[in-house]
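# Inside the fold
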Amino acid sequence: MSEMNASPYLLLMRHAKSSWAEAGLSDHQRPLNERGERAATDIGAELYARGYAPDIIWSSDSKRTRLTAMRLIRAIPGAQEVHYNPDFYHAGPEQVIKICQETPFPERNLMLLGHNPGWAELHYYLSGQDHNFPTAACAVYQAKKAPAANWLSPKIWRLVDLILPRDLE
């Protein structure tokens, strides 16, 4: 966990903007476009500057989430672990919660990296705030109490920041 905070952060991030340039690619194989590459790098640098840098990233295994994670890691000093989960690909909030509850909270800053509409719905579940969650949006939650068995619960987390790439331009 980052030395700057006493309790861990949970970060919920949607992948950066993807490219539609190659018509023959499946949705799962679409890469980032130039804007997405810049946004992922900018978000990573901003997370580090604000003291929210993830230590661990649990990500969908799509190409655009893999490339988003790679850009984040390059922008954040230090080592981060990345774990790719094919079940995060277009998962709804119930599925993400189920997947996460199968593993104890890592007690370090954790990022969940995935896709809409599931990530916008998960943000609403955790914060009670309706937001369309554009590409590369990153919501930051801080633990109100020590995460326990049911650690992906709105009773555990409070929204402390919402970083949008357009605000960093």
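What you are looking at is a predicted structure, and each value in this text was computed from that prediction instead of being measured.

### Looking at the pairing of strand 1 (residues 9-14)
Counting buried positions over the six residues of strand 1 gives six, a clear majority of the element. Sheet topology places strand 1 next to strand 5 (residues 138-143); five bridges connect them, and they run antiparallel. Bridge pairing in strand 5 places Leu 11 opposite Val 140. Here five bridges tie strand 1 to strand 4 (residues 110-114), and the two strands are oriented parallel to one another. Each bridged residue has a counterpart across the sheet, and for Leu 12 the counterpart in strand 4 is Leu 112.

### Regarding the packing of aromatic side chains
Within the structure shown, the criterion is met by five aromatic pairs. Consider the rings of Phe 88 and Trp 119, whose centres lie 5.5 Å apart with planes at 75 degrees: the pair is edge-to-face. Separated by 31 residues along the polypeptide, Phe 88 in the loop between strand 3 (81-85) and helix 3 (93-101) and Trp 119 in helix 4 (residues 118-127) bring together distant segments of the chain. The pair formed by Phe 88 and Trp 119 is uniform in burial state, with each residue classed as buried. Three or more aromatic residues joined by ring pairs form one cluster here, namely Trp 58, Phe 105, Trp 151 and Trp 157. Positioned above the aromatic ring of Trp 20 is the side chain of Arg 30, whose terminal nitrogen or guanidinium carbon lies 3.7 Å from the ring centre. One residue, Arg 66, lies across the ring of Tyr 84, its end atom 4.0 Å from the ring centre.

### A closer look at the side chain of His 115
Relative to the helices and strands, His 115 resides in the loop between strand 4 and helix 4. Among the polar contacts listed, one links the side chain of His 115 to the side chain of Ser 60, at a separation of 2.8 Å. When neighbours within four sequence positions are excluded, His 115 is seen to be in contact with His 15, Ser 60, Ser 62, Arg 64, Thr 65, Phe 88, Tyr 89 and His 90.

How each quantity is defined
- Residues numbered from 1 in each chain as written.
- Predicted model: local features only at pLDDT ≥ 70, side-chain atom pairs only at ≥ 80, totals over all residues.
- Heavy atoms only, no water.
- Buried < 20%, exposed > 50% of the residue type's maximum accessible area, 1.4 Å probe, protein only.
- Helix = DSSP H or I, 4+ residues; strand = E, 2+ residues; numbered from the N terminus.
- Pairing = 2+ DSSP bridges.
- Phe/Tyr/Trp six-rings, centres within 6.5 Å; stacked < 30°, edge-to-face > 60°.
- Lys NZ or Arg CZ within 6 Å of the ring centre and 35° of its normal.
- Polar contact = N/O pair within 3.5 Å; in protein donor to acceptor, adjacent residues only side chain to side chain.
- Contact = heavy atoms within 4.5 Å.

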